[in-house]
There are 4 protein chains.
Amino acid sequence: MTRSRTVELEGHIIDSGTMQRCFGAVMDLGGSFDVEQFDVGKHETEESYCRLTVSADDAETLRAILHELHQNGAVLEDPSAVDLVAAPADKVVPPDFYSTTNHPTEVLYDGEWIDVERIEMDCALVVDPDGSEDGSARAYTKTLNAVEEGDLVATDESGIRVNPPERPRSGGGAFGFMQGGVSAERPSESTIREVAAELRAVKEDGGNVMVVAGPAVIHSGAGDALADLVAAGYVDALSAGNGFATHDLERSIYGTSLGMNVETLEHPRKGHKHHIWTISEIIRAGGIEAAVEDGIVSEGVMYECVRNDVDTVLAGSIRDDGPLPDTITDAVEAQDAIRGQAHEADLVIMLATLLHSVAVGNCLPSTTKTVCVDINPATVTQLLDRGSAQAIGMVTDIGTFVPTLAEFVLEGDE
Amino acid sequence: MTRSRTVELEGHIIDSGTMQRCFGAVMDLGGSFDVEQFDVGKHETEESYCRLTVSADDAETLRAILHELHQNGAVLEDPSAVDLVAAPADKVVPPDFYSTTNHPTEVLYDGEWIDVERIEMDCALVVDPDGSEDGSARAYTKTLNAVEEGDLVATDESGIRVNPPERPRSGGGAFGFMQGGVSAERPSESTIREVAAELRAVKEDGGNVMVVAGPAVIHSGAGDALADLVAAGYVDALSAGNGFATHDLERSIYGTSLGMNVETLEHPRKGHKHHIWTISEIIRAGGIEAAVEDGIVSEGVMYECVRNDVDTVLAGSIRDDGPLPDTITDAVEAQDAIRGQAHEADLVIMLATLLHSVAVGNCLPSTTKTVCVDINPATVTQLLDRGSAQAIGMVTDIGTFVPTLAEFVLEGDE
Amino acid sequence: MTRSRTVELEGHIIDSGTMQRCFGAVMDLGGSFDVEQFDVGKHETEESYCRLTVSADDAETLRAILHELHQNGAVLEDPSAVDLVAAPADKVVPPDFYSTTNHPTEVLYDGEWIDVERIEMDCALVVDPDGSEDGSARAYTKTLNAVEEGDLVATDESGIRVNPPERPRSGGGAFGFMQGGVSAERPSESTIREVAAELRAVKEDGGNVMVVAGPAVIHSGAGDALADLVAAGYVDALSAGNGFATHDLERSIYGTSLGMNVETLEHPRKGHKHHIWTISEIIRAGGIEAAVEDGIVSEGVMYECVRNDVDTVLAGSIRDDGPLPDTITDAVEAQDAIRGQAHEADLVIMLATLLHSVAVGNCLPSTTKTVCVDINPATVTQLLDRGSAQAIGMVTDIGTFVPTLAEFVLEGDE
Amino acid sequence: MTRSRTVELEGHIIDSGTMQRCFGAVMDLGGSFDVEQFDVGKHETEESYCRLTVSADDAETLRAILHELHQNGAVLEDPSAVDLVAAPADKVVPPDFYSTTNHPTEVLYDGEWIDVERIEMDCALVVDPDGSEDGSARAYTKTLNAVEEGDLVATDESGIRVNPPERPRSGGGAFGFMQGGVSAERPSESTIREVAAELRAVKEDGGNVMVVAGPAVIHSGAGDALADLVAAGYVDALSAGNGFATHDLERSIYGTSLGMNVETLEHPRKGHKHHIWTISEIIRAGGIEAAVEDGIVSEGVMYECVRNDVDTVLAGSIRDDGPLPDTITDAVEAQDAIRGQAHEADLVIMLATLLHSVAVGNCLPSTTKTVCVDINPATVTQLLDRGSAQAIGMVTDIGTFVPTLAEFVLEGDE
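Residues numbered from 1 in each chain as written. Chains lettered and ligands numbered in written order. Predicted model: local features only at pLDDT ≥ 70, side-chain atom pairs only at ≥ 80, totals over all residues. Heavy atoms only, no water.

- The name an unreviewed UniProt entry assigns to chain A is Ornithine cyclodeaminase, from the organism Halorubrum hochstenium ATCC 700873.
- As recorded by UniProt, the Sequence similarities (unreviewed entry) comment attached to chain A reads in full: "Belongs to the AgrE/ArgZ ornithine cyclodeaminase family."
- Database annotation for chain A, UniProt heading Function (unreviewed entry): "Catalyzes the conversion of ornithine to proline, with the release of ammonia." (UniProt positions renumbered as here; feature names shortened; annotations may be inferred.)

Structure representation (structure tokens):
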């Protein structure tokens, strides 16, 4: 038996690709559509409106199609209120609970569309009926882990409106709108210059800049340049791992005295005992901050982070040596710390680390500007595919990217 | 002074992404638009129509915008005839000559839209006023090299209509519609099964299958499987290089007698004198066909190609050893031979060769189905980006892909 | 002032590359050598002996050279006993503590060379003077984390003898001896056949087979084949992450009922809510084993692991969704569990996961046979570089590798 | 029946790895050895000498073993003269002809060891009995193509001595000795500094610098920096393709006037009609030199090459558009031109092109210093594997490498 539902879409739905994706989803999934009304914006600043009825041969197919349309911003013509079910136990969500996207979202509760706070994908959506200071309702995301017995959790998709990012009306500069491709052939220097301009602009507007960094930043000799950016106040949060911190500290403790590591070209492995010794020295001192205070560590990225009160999270992993006492070894606890950083960030710069970049990316709303730099195109592609609407991917050597970025950012300071 | 022109688009212009690209181009290039009419197809089978006026602050910007719209299928509201200028000398085209896309194209000549033959990108478009058998006009592409003095060459974009491929109304199966992405995570076996089904279907319809193959096909032990496909009649044309042929012939001449190369795991380099000796033996015999007739070569891909009259082109390159006497060493001559193969093909399977695949891809219309397989994602991405509308990209090991494909194709024969 | 020391090396030190590395280290680091005696083994089965005096202009250089020679198996001509210092506090090692290699190692204690147990690189080396059942001394490695106040920790390199693996006298088959290179051009099927033979041989000898697996094993459709290997008893330990387990469980819970995921070609992201729902279902059931018992999970790798009592470790990471209740979220605790698996393994097969493979590789002695398979050559190279002496690296598609391996292993069972 | 032969090796055969490879080859191929004499050099400056008898169960195995030993520099204890056979026809070599390595080689002719000229791998070795000016014999390589009827071609391996490069006695700096690995983690800036120093040193010694460049040099915005190096006289030869030259010329002709290509970030494809138009303009002018003279081209790499009389070879390929009139379209003719450049070069810098780099690498003796830079590790590995003894591989972005190199090279000029 043919089933049908009518949905509405509005906004810059043609040039943002929304209609293409919606029509495509209907056809891909074997349904059909009937456009009931389509008012096309006459100019680039005018929004469009579309009302269409979608049909399918069975309820299952229709549900799958409506799910896709929902993800692209469609709402039922006559939306009912959000469907809330109390969580039966801690960490247990009701069947058919609503799993969030990373796009701005609203819920229809008590006759009003209210904004969902702490946007993040793959979470539960919880409504607190009187959670606001004025006693009105609030809605926010919660990870599965954080769900508590009795939380009112949204189920299915009724009463929920997703607002995927729209194509900016102006060009958008380097930060392309949902461009899938990543090219190693784009003129590097001019792209770096645009990132530098954005970084300066965000800081001038009082924004928050988060850097996610892997050990290759240090290996490739780019540590000094990153430390310079931190010292000059361009970094508000650093999200990294035990390996990054240890390599940076090792350079401070052993790099100069032995005078060999970065100047000569010896294989990293050969000096690996310094890596372990560094961890041992930091454990002995009682942590990184103590080691800075004791003068054991006197330069580098971690040193500048301590000195400049940068919000630093070192997340542990199973491949760590040590780890350093500052490393958060529990993955859930570390995620929560990263989540706190990510929700504050206005610009995120990911430098040569897949693991930490994915962890941060998982917590970001689709509206946060993101720059991802790695020498491996697959890493860049994987990160951009996770769905930031305004992202730059660069396939380049981190060892030349960071110094060039620092030069462009800092030269304006002189 | 603001300049404006009015253009029209029709077809499945929303779900094929045409309108998104057109509106995007106007905004990216700094123009503005005014939608004068937009009739949206009510159902998935109904075409849409759009008439819009595009404006820009100067003629140069307007020209750039109209170029982008033209490439996406827009035509001026009141198109004038194609603008033809005689080529001033052999290989020399008029200034501002029209450079073709790889999409189906028509020219407005003598009051009629006539189809352009031999669709291929980056060519000149030549009109022969009485080139048909019935004395009417013909239009076709010519590479710069082939242009002759006096050829009537189309200039600028007036009177030319491009028809970019539209999204197929049905799902399209494995052959996705202009999907940029290439994933190594897609279920491999089921994709290979779809390629096998397509290969069988094309042959059942009397279609032409072209295989483009690199030396890795032989190195990875997949030569026997490819030879089986050739022997069973599933390959109409083979486009490869001197390296591919030599490796295949080497296996036939030395592989079995020494009994080591493919069974053991020795490094290819170690047996490299066999590579040179193979070339020398084929030169001595007078070519591959002679070597097959003399019984020097008695198995393998080249053997089966000779036996089954497969249209084989071996194109030379500067990295070749030898080369074999069958190799076309002149790049222009080789391109023409490849062009002949490509224009005949209904399905092209590209196996682990960037150079030859790009050469073939350059000659293909955007409507030809294409499968591209390589273990390097960058190669697959680069090939799919060249613009086939119906393409499959697979990042996988050729040494297991070809045997699996052959098994799926041939098992249906039993 | 020139400083000198005399060291001795013995064994198959020419054909294992030991002498090349030792002479090279002396020259690279700016020292000089004087060969006092060199008895070259006359035949391939005869060992060689070398005594050489090494000189350098200063003590620091000499120390660096001796460190390199030590790592390659050299011992001082007249070795003194191991130098033990008590750990001053928990997790704190003495300055200049000895950081272990992953090669078999002995310490000279109380006049006797005793074997170091639990060989693993980058650990402290602890001697327990009366740790054996018979009251004699024992020596073993301890990670920095595990060091307790009062542990007698070896410092500098005196009294410690490292035994790097030697080239096997016979060819060694697919398991090459410390070959750096990884080739995508090696004949894949015959290599897989050798791995299958080794897997069967290890199990026939009562050995322990450990599989390290990433989510791509499931994404690529290879889950069934791995489940078959587990069901047939060829896998003793599974080391994976939350992502691998969730994907596998999702296939069992949602894969079949919806009938789409693996058969059709839809993008993994589209079905991502199933991923979250799967975790929620397993949390509701109380864990994987409970879900198997309740019949919620009735096929797949995790199902077979539960049914066949496979030693399974799921290590958490900061990119995890959920996580599943079975996931060990603390990195140090997870490492210890992995360490337990790694020390038992006779053959380790690493499938498409960099993070877990590195974690396992960090715990392996250099004598454990290792197979590493990934479609990204950089991953394979990185893993083999960590120093297994008998390793196979394969750059290939996991989606075809595992089914082919299973076929070769299991066909012998029929 | 056991067969044996006695061979001799001398030189720095332990620390260059020669003995390891020779002993390994005997064992790998199933033979056995008997060391009759082994005089080990006492110091790093003293050479070693080894005489060993190799045995195998059959003549075929012994021959394979002796071939490996020969390639590593072993000579029969009592060598006979080189075995010469006249070529039976043009391009046809005698059966069992000797295929050259890329190492320095001598032949024993008329009782004297004479050096082979024009060292290049995979060639025939021809002796001209009275080819010298003084009427004495000469020996040189000839590609199969160049062999003429009657040429005296060496067969099997008797009377031929190969001298593989030995480990330099001093460290060698950045130019490592036959190191297989390529690391993206090495400190980039210091490596570039070493390349710059070597480039300056070669030019100061009156040496010849050859640059091999791909189109990505221009795409990535590094064209100006390369042009600067050419203008300053640091480049003696440029080996590239039609694509590189066209991109460079396009920047000169269209880049500035339209002011968009490199400053903005538009996709390369969008401006592709400029590519074709550029070729057309150069054809119209009659070639690059004519276009420079006419003022059509007034900056860029090709412009500076014309102005500075750089030996430029543009080799054609089947993926070329056009091509430009300056492009050598015949692969054999182009190879010969490249060969001429390669044999003159003292330092070769390969920039982001696999095809042209392999073509050049094929013609280089193993003693030529080589730098290979590409963002794809597989490209770098493949090139270094071809056997230069003194090579640097860098996995980095060409768009930052070339400007940084130019800065380091040119800053010394001020």
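A word on the overall build of chain A
Argument step 1. Scanning chain A from terminus to terminus reveals 13 helices and 18 strands.
Argument step 2. Seen along its three principal axes, the alpha-carbon backbone of chain A occupies a region of about 80 × 50 × 40 Å.
Argument step 3. Here chain A holds 414 residues, and 60% of them are scored as buried.
Argument step 4. Of the roughly 15200 Å² that chain A leaves accessible, carbon and sulfur atoms contribute 44%.
Argument step 5. Chain A carries 27 positive and 72 negative side-chain charges, and their two centres are separated by 4 Å. (Helix = DSSP H or I, 4+ residues; strand = E, 2+ residues; numbered from the N terminus. Buried < 20%, exposed > 50% of the residue type's maximum accessible area, 1.4 Å probe, protein only. Areas by Shrake-Rupley, 256 points an atom, 1.4 Å probe, with all protein chains shown as cover. Lys, Arg positive; Asp, Glu negative; His and termini not counted. Charge placed at Lys NZ, Arg CZ, Asp CG, Glu CD.)

Some remarks on the relation of the copies chain A and chain C
Argument step 1. Of the transformation superimposing chain A on chain C, the axial component is 0.0 Å and the angular component is 180°, with the fit at an RMSD of 0.0 Å. Taken together, the rotation and translation relating the two chain copies correspond to the operation of a two-fold axis. Closest approach to the rotation axis among the C-alpha atoms of chain A is made by Asp330(A), whose C-alpha sits 2.0 Å away.
Argument step 2. Mapped onto chain C, 100% of the interface residues of chain A again fall at the interface, so both copies present the same surface. (Least-squares fit on C-alpha atoms with pLDDT ≥ 70 in both. Contact = heavy atoms within 4.5 Å.)

Quick word on the side chain of Thr143(C)
Argument step 1. In this structure, Thr143(C) sits in the loop between strand 9 (138–142) and strand 10 (152–155).
Argument step 2. In this structure, Thr143(C) is in contact with Glu120(C), Cys123(C) and Arg339(C), ignoring residues within four places of it in sequence.

Let's talk about the sheet that holds strand 2 (residues 32–39) of chain B
Residues and elements named next belong to chain B.
Argument step 1. Pairing within the open sheet is antiparallel, and its four strands lie in the order 2-3-1-4. Whereas interior strands pair on both sides, the edge strands pair on one side only; in this sheet they are strand 2 and strand 4 (75–76).
Argument step 2. Here strand 1 (residues 3–11) pairs with strand 3 (residues 48–56) via nine bridges, running antiparallel. Across the sheet, the residue bridging to arginine 5 is valine 54, located in strand 3.
Argument step 3. Contacts between helix 1 (residues 18–28) and the sheet are confined to strand 1, strand 2 and strand 3, with strand 2 contributing the most and set at about 160° to the helix.
Argument step 4. Across the sheet, helix 2 (residues 59–71) is in contact with strand 1 and strand 3; its angle to strand 3 comes to roughly 160°. (Pairing = 2+ DSSP bridges. Axes fitted to C-alpha atoms, helices over the stretch in contact; angles between N-to-C directions.)

Focus on helix 3 (residues 188–204) of chain B
Residue and element names in this part refer to chain B.
Argument step 1. Over its 17 residues, helix 3 extends 24 Å from the first C-alpha to the last, a length consistent with the 24 Å expected when each residue adds 1.5 Å.
Argument step 2. Along helix 3, the residues classified as buried are Ser188, Ser190, Thr191, Ile192, Val195, Ala196, Glu198, Leu199, Arg200 and Val202.
Argument step 3. Following helix 3 by one or two positions, glycine 206 has its phi on the positive side, about 75°. (Expected span 1.5 Å × (residues − 1).)

Describing the domain arrangement of chain A
As a measure of interface size, the accessible area lost when the parts come together is often cited.
Residue and element names in this part refer to chain A.
Argument step 1. Split into domains, chain A comes out as domain 1 (1–77), domain 2 (79–164) and domain 3 (173–413).
Argument step 2. Computed from C-alpha atoms alone, the centre-to-centre distance between domain 1 and domain 2 is 24 Å.
Argument step 3. If you look at the interface, domain 1 gives nine residues, while domain 2 gives 10 residues.
Argument step 4. Together, the buried faces of domain 1 and domain 2 total about 780 Å²; carbon and sulfur atoms form 55% of this surface. (Domains from an automatic or database assignment. Buried area = accessible area lost by both parts, 1.4 Å probe.)

Describing the interface of chain A and chain C
Argument step 1. At the interface, 51 residues of chain A touch 51 residues of chain C.
Argument step 2. Both faces considered, chain A and chain C share a buried interface measuring about 4300 Å² in area, 58% of it formed by carbon and sulfur atoms.
Argument step 3. There are 16 residue pairs in polar contact (both at pLDDT 80 or more) connecting chain A and chain C.
Argument step 4. Counting residues per element, the ones that place at least two in the side of chain A that touches chain C are helix 2 (59–71), helix 7 (272–285), helix 10 (331–344) and helix 11 (354–363) of chain A.
Argument step 5. Considering every element that reaches the side of chain A that touches chain C, the biggest residue donor is helix 7 of chain A, with eight residues.
Argument step 6. Counted by class, the side of chain A that touches chain C contains 23 nonpolar, 13 polar and 15 charged residues. (Polar contact = N/O pair within 3.5 Å; in protein donor to acceptor, adjacent residues only side chain to side chain. Nonpolar A, V, L, I, M, F, W, Y, C, P; charged D, E, K, R; others polar.)

Observations concerning the packing of helix 10 (residues 331–344) of chain C against helix 11 (residues 354–363) of chain C
When two helices pack together, their arrangement is given by the angle between the helix axes and by the axis-to-axis distance.
Residues and elements named next belong to chain C.
Argument step 1. Across the interface, helix 10 lies against helix 11 with an axial gap of 8 Å and an inter-helix angle of 60°. The hand of the helix 10/helix 11 crossing is right-handed. Contacts between helix 10 and helix 11 involve Ile338, Arg339, Ala342 and His343 from the former and Ala359, Val360 and Cys363 from the latter.
Argument step 2. Looking at the contact of helix 10 with helix 11, its residues break down into five nonpolar, one polar and one charged. (Left-handed = near helix turned anticlockwise from the far one by under 90°.)

A look at the environment of Gly221(D)
Residues and elements named next belong to chain D.
Argument step 1. Note that glycine 221 resides in the loop between helix 4 (216–219) and helix 5 (223–231).
Argument step 2. Since its relative accessible area comes to 27%, glycine 221 is described here as partly exposed.
Argument step 3. Considered as a pair, glycine 221 and glycine 399 are 178 residues apart in the sequence and their alpha carbons are 5.8 Å apart.

Quick look at empty space enclosed by the protein
The gaps left among the atoms become clear once a water-sized probe is rolled over them.
Argument step 1. By volume, the largest cavity is sized at about 210 Å³.
Argument step 2. Taken together, 22 residues make up the lining of the largest cavity; nearest its centre are Asp320(A), Asp321(A), Glu120(C), Thr143(C) and Arg339(C).
Argument step 3. Listing elements by their share of the lining of the largest cavity, those giving two or more residues are helix 7 of chain A together with helix 10 and helix 11 of chain C.
Argument step 4. Broken down by class, the residue content of the lining of the largest cavity amounts to eight nonpolar, six polar and eight charged. (1 Å grid on protein atoms, 1.4 Å probe; cavity = no way out; pocket = protein on both sides within 12 Å on 5 of 7 lines; lining within 4 Å. Points joined across faces, edges and corners; volume = space filled by probe spheres on them.)

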